[in-house]
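Results of the structural survey
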Amino acid sequence: MVKKAQAKRRPWVKNLYSNREYPDNYTDASFLKDLRTNLHVRIYTFGQAIAGITVLNNQISCITGFLILYQLMLSASVSPTTILLPSCGVTGIGYLWYRGRSLSWALLGEDSKTLVTVVLFGYLFSPMLHTLTQAISTDTIYTMTFFVLLGNLIFGHYGLDVAMAISLNAAIFGAICLASRLPTSYHAFVLLVEAAVFFVLYPIMTEANWHAGFMVPIFAVCCLALYWISRPVLYLYASTTVFINFVCPFIFVWQQQFKFNIHGPWDEAIVEENTDENLDENL
């Protein structure tokens, strides 16, 4: 009789109210027939992982180069003009490369007016910015600078517009904090100019046509400067760069074999916005 009653049971379906003959925790063999694993998973190669992580290393090198220039001016090893003139020359070459064939006299005039305005106001306000945080102790200044530059690294130019604004504000605030430790307002002005070059102009010029090789020159210059400033800092900087640029991508690529994402009819529906690219496919 029991076998006969079981034979008369209706087939199990994916509907809770239609399965009264079955226990609540019962699952039929057909429940997982639509199970799919690792759909739309992109597997990265070791070279692609290295090329992608160079963006983070480039941001670290920018912060390192900025702090190197600050240390050179603070210790009076190099005059501000010696730093400013080569920086302006390199920035000019980078601007010509960035504009390329789109450069015209009208565009050059607009960019020149913007440059003159920013530089003029920066030079006029540099005495005030030089004394803005002078009353704060040096330990506090360095602590705040560490955290704001760490914020600049976290919210760097990685594709999010909101994060980019936070990163820029953090870098400028760090430059203002450090400017108060320099001897003159002219030193402070040059430091603010270098902050604009490292954290504003350089990311804009390289973001559109980024290549992994862009980080090699700035990395080499930082290593050369740190060789004369501090050997322990050089070893720390070089080892951190090597670890991030080679060890971390290796771990990432190795861990990809353990990816296991399941997809099925139980997934939440995703509403896609119609655009010009997918409008024909959704119709």
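Looking only at helices and strands, the chain features ten helices and two strands. Counting from the amino terminus, the chain carries its helices and strands in the arrangement α-β-α-α-α-α-α-α-α-α-β-α. Looking at the chain as a whole, 29% of its 283 residues are labelled buried. When contacts within the chain are restricted to residue pairs at least 6 apart in sequence, those whose partners lie at least 24 apart make up 72%.

As a further point, take the packing of aromatic side chains. Scanning all chains against the criterion turns up eleven aromatic pairs. Judged by centre distance (6.5 Å) and plane angle (25°), the ring pair of Y186 and F189 falls under stacked. On the criterion of helical spacing, the pair formed by Y186 and F189 is a turn pair, its members being three residues apart in helix α7 (residues 185-207). With 5.5 Å between their ring centres and 85° between their planes, W210 and F214 make a pair best called edge-to-face. Overall, the relative accessible area of 25% leaves W210 in the partly exposed class. Judged by its relative accessible area of 25%, F214 falls in the partly exposed class.

Attention shifts here to the confidence of the model for the chain. Confidence in the prediction for the chain averages 83 pLDDT; 87% of positions are at 70 or higher. The least confident element of the chain is helix α1 (residues 2-7), whose mean pLDDT is 50; the most confident is helix α9 (residues 231-255), at 93.

Here we take up the packing of helix α2 (residues 46-74) against helix α5 (residues 138-154). Two elements in contact, α2 and α5, have axes whose closest approach is 10 Å; the angle formed by their N-to-C orientations is 155°. Between α2 and α5, the angle falls in the class roughly antiparallel. Between α2 and α5 lies a crossing of right-handed hand. Contact with α2, carried on its side by L56, Q59, I60, I63, L67, Y70 and L74, involves Y142, L149, N152 and L153 of α5 and no other residues of that element. Looking at the contact of α2 with α5 residue by residue, the classes come out as nine nonpolar, two polar and no charged.

This part takes up the nonpolar core. Counting residues in hydrophobic clusters, the biggest one holds 38 residues, and the most contacted among them are F66, L191, F198 and F199. When residues of this core are traced back to their parent elements, those giving at least two are α2, α3 (80-99), α5, α6 (161-179), α7, α8 (215-229) and α9. The biggest single contributor to this core is α7, with ten residues. Residues within four places of L191 in sequence aside, it is in contact with F66, Y70, M73, A175, L178, A179 and L182.

Counting through the fold element by element, T37 comes out in strand β1 (residues 36-37). When the C-alpha atoms of T37 and H263 are compared, they prove to be 6.0 Å apart, with 226 residues separating the residues in sequence. Ignoring sequence-local partners within four residues, the contact set of T37 consists of F260, N261 and I262.

Here we come to the pattern of salt bridges. Scanning the entire structure with this criterion turns up two salt bridges. We note a salt bridge from E110 to K113, for which the minimum N-O separation is 3.4 Å. Note that E110 and K113 are positioned in helix α4 (residues 105-132) at a spacing of three residues, about one turn of the helix. What makes E110 partly exposed here is its relative accessible area of 45%.

Together, F46, V242, F243, F246, V247, F250, I251, W254 and F258 line one region of the surface with nonpolar side chains, adding up to about 880 Å² of accessible area. By residue number, the principal contributor to the nonpolar patch is α9, which donates seven residues. With respect to the helices and strands, the residue V247 is situated in helix α9. Given the relative accessible area of 35%, V247 is considered partly exposed.

The phi dihedral of A76 is positive, around 60°, even though this residue is not glycine. If you trace the backbone, A76 turns up in the loop between α2 and α3. On the accessibility criterion, A76 (65% relative accessible area) is exposed.

Attention shifts here to the environment of L224. Its place among the elements puts L224 in helix α8. For the pair L224 and L234, spaced ten residues apart in the sequence, the C-alpha separation amounts to 8.6 Å.

On to the packing of α2 against α8. Where α2 contacts α8, the two axes come as close as 9 Å, and the packing angle between them is 35°. In the crossing of α2 with α8, the sense of the turn from one axis to the other is left-handed. For the pair formed by α2 and α8, the contact residues are T54, N57, N58, S61, C62, T64, G65, I68, Q71 and L72 on the first element and M215, I218, F219, C222, A225, L226 and I229 on the second. Across the contact of α2 with α8, the residue classes tally to ten nonpolar, seven polar and no charged.

What counts and how
- Residues numbered from 1 in each chain as written.
- Predicted model: local features only at pLDDT ≥ 70, side-chain atom pairs only at ≥ 80, totals over all residues.
- Heavy atoms only, no water.
- Helix = DSSP H or I, 4+ residues; strand = E, 2+ residues; numbered from the N terminus.
- Buried < 20%, exposed > 50% of the residue type's maximum accessible area, 1.4 Å probe, protein only.
- Contact = heavy atoms within 4.5 Å.
- Phe/Tyr/Trp six-rings, centres within 6.5 Å; stacked < 30°, edge-to-face > 60°.
- pLDDT = per-residue confidence, 0-100.
- Axes fitted to C-alpha atoms, helices over the stretch in contact; angles between N-to-C directions.
- Parallel < 35°, antiparallel > 145°, perpendicular 65-115°, else oblique.
- Left-handed = near helix turned anticlockwise from the far one by under 90°.
- Nonpolar A, V, L, I, M, F, W, Y, C, P; charged D, E, K, R; others polar.
- Core = buried A, V, L, I, M, F, W, Y, C linked by side-chain atoms within 4.5 Å.
- Salt bridge = Lys/Arg side-chain N within 4 Å of Asp/Glu carboxyl O.
- Patch = residues over 30% accessible without salt bridge, like charges linked within 9 Å, V, L, I, M, F, W, Y side chains within 5 Å.
- Areas by Shrake-Rupley, 256 points an atom, 1.4 Å probe, with all protein chains shown as cover.

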